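Chain by chain, the residues run as shown.
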Amino acid sequence: MSMDTTTFAARWSDGQTAGSYRALVRLGHALEIAPEGVTEPVRWSPHRTMASVPLWPSSAEVLLRSLDHPGQTIYVEDPGFAAALLKVAPHLAAGSKRWRDIRPGLTVTAAVALVTGAVLALDLSPAAYVASLLPKDIRTIAGQQVLQVFTQGQGYCEAPEGNAALQTLTQKLKSASNTDAEFTVAVVNWELVNAFALPGEQIVVTRGLIEKAQSGDEVAGVVAHEMGHGIELHPEAGMVRAIGIAAAAELVFTGSSGTVGTLGTQMLELSYSRSAEREADEHALRILKEARISPKPLAEFFDRLAKEFDEPEDGSDAYELFSTHPPSPERSKLAAEAATYDSEPAMTSADWAALKAVCAGQPTVEDAPPEPSQQPPLPPT
């Protein structure tokens, strides 16, 4: 299926497993869905397709289900999709008489009806709203599932002095966040230069990132950015998109954690939108200011590693700097132009030396975690 103006990237759930799969959706006489790894596309009738909430042409997120394929869902995050979809399925438009007539007869659970009703009433992002309802223990379990994938073959860097220094920094940033979030930060023995916010207020920093950082201030800026994602529940919203709104609503109302059992490899491929990155950056700058840590080193870190990423010294692509949320001139400029204020080093020189050596004595591990493509097999189509 070739890409054209009526083809959009999506996440497709088969309705039989907890996972979802990357897919392309082409709009025409039918909604033609081509999930990765499936030779024959799935076709939905536009007239038998329903949306989780009535759509406006400007709707940025769309969750669809088919009356002919119970359990299957499509999630699309594209500002142009809703307008294109309404041309072939006008009954999905907000205010449509057909929507009002059909909605009472939809076969949906009471939980999903309650969630989607609240989303519509409050004009919220479906994934973000459901993420805000997830119980803390469910979010923690989900984060632990992803951590298991990260640490397969890598393991944690466990030098006591280095971990103590990291925990001191984490506590300083947590206090400055002025939230109730209980962040935990761990270093994984992985050469990739990256950091990740996981569900349940858990953050992973890689050995490669610490090795490339030139000061504790740079690490502090990265961790503060990931805390921003956690405060906004961006990882949880990504989880909701991965498993589908219906499955997430079940977690909200039943508290069952079985659905999160296969999240690890799925969440490795998730990425954040520009608006999510901007929110995390704004939180980072606020946290750094409250902690009296200068944001300038964070801008320098972005600039330095972006240049190295463009022209790696060893000719490889090992330094996939923030592959899940690549830096941009706009983000670097935001940190560089932040208002100046009296600041102090994020860490003592002794703590910084200890953190730099947090992976000392552990074997170098170059293998990456399982590829996101290693998902459960798709059902026959």
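This is a predicted model, so every value here is computed, not measured. (Residues numbered from 1 in each chain as written. Predicted model: local features only at pLDDT ≥ 70, side-chain atom pairs only at ≥ 80, totals over all residues. Heavy atoms only, no water.)

Undergrad: Would you mind going over the side chain of glutamine 202 in detail, with residue names and values included?
TA: Here glutamine 202 lies in strand E10 (residues 202-206). Accessibility expressed as a relative area gives 9% for glutamine 202, which makes it buried. Residues in contact with glutamine 202, not counting those within four places in the same chain, are Arg139, Thr140, Gly143, Gln144, Leu147, Thr184, Phe196 and Ala197. (Helix = DSSP H or I, 4+ residues; strand = E, 2+ residues; numbered from the N terminus. Buried < 20%, exposed > 50% of the residue type's maximum accessible area, 1.4 Å probe, protein only. Contact = heavy atoms within 4.5 Å.)

Undergrad: Which residues make up unusual backbone geometry, and what values go with them?
TA: We note that glutamate 201 has phi near 60°; this positive angle belongs to a residue other than glycine. If you trace the backbone, glutamate 201 turns up in the loop between strand E9 (195-198) and E10. In this structure, arginine 292 is a non-glycine residue whose phi angle is positive, near 60°. Note that arginine 292 resides in the loop between helix H12 (274-290) and helix H13 (296-310). Looking at arginine 292, the relative accessible area reads 39%, which means it is partly exposed.

Undergrad: I'd like a description of the state of the cysteines, backed by residues and values.
TA: By definition, a disulfide links the sulfur atoms of two cysteines through a covalent bond. In total, this model carries one disulfide according to the counting rule given. Between the sulfur of cysteine 157 and that of cysteine 359 lies a disulfide, 1.8 Å long from S to S. On the sign convention where negative is left-handed, the bridge of cysteine 157 and cysteine 359, at about 90° about the S-S bond, is right-handed. One end of the pair, cysteine 157, is in the loop between helix H5 (136-151) and helix H6 (160-177); the other, cysteine 359, is in the segment after helix H15 (349-356), and 202 residues separate them in sequence. Exposure remark for cysteine 157: the relative accessible area of 1% places this residue in the buried category. By relative accessible area, cysteine 359 is classed as buried at 12%. (Disulfide = S-S within 2.5 Å.)

Undergrad: Describe the packing of H6 against helix H8 (residues 216-231), naming the residues involved and giving the relevant values.
TA: Running from amino to carboxyl end, H6 crosses H8 at an angle of 50°, the nearest separation of the two axes being 10 Å. Classified by the interaxial angle, the pair formed by H6 and H8 is oblique. Judged by the twist between their axes, the crossing of H6 over H8 is right-handed. On H8, the residues touching Leu169, Thr170, Leu173, Lys174 and Ser177 of H6 are Val219, Ala220, Val223, Ala224, Met227 and Ile231. (Axes fitted to C-alpha atoms, helices over the stretch in contact; angles between N-to-C directions. Parallel < 35°, antiparallel > 145°, perpendicular 65-115°, else oblique. Left-handed = near helix turned anticlockwise from the far one by under 90°.)

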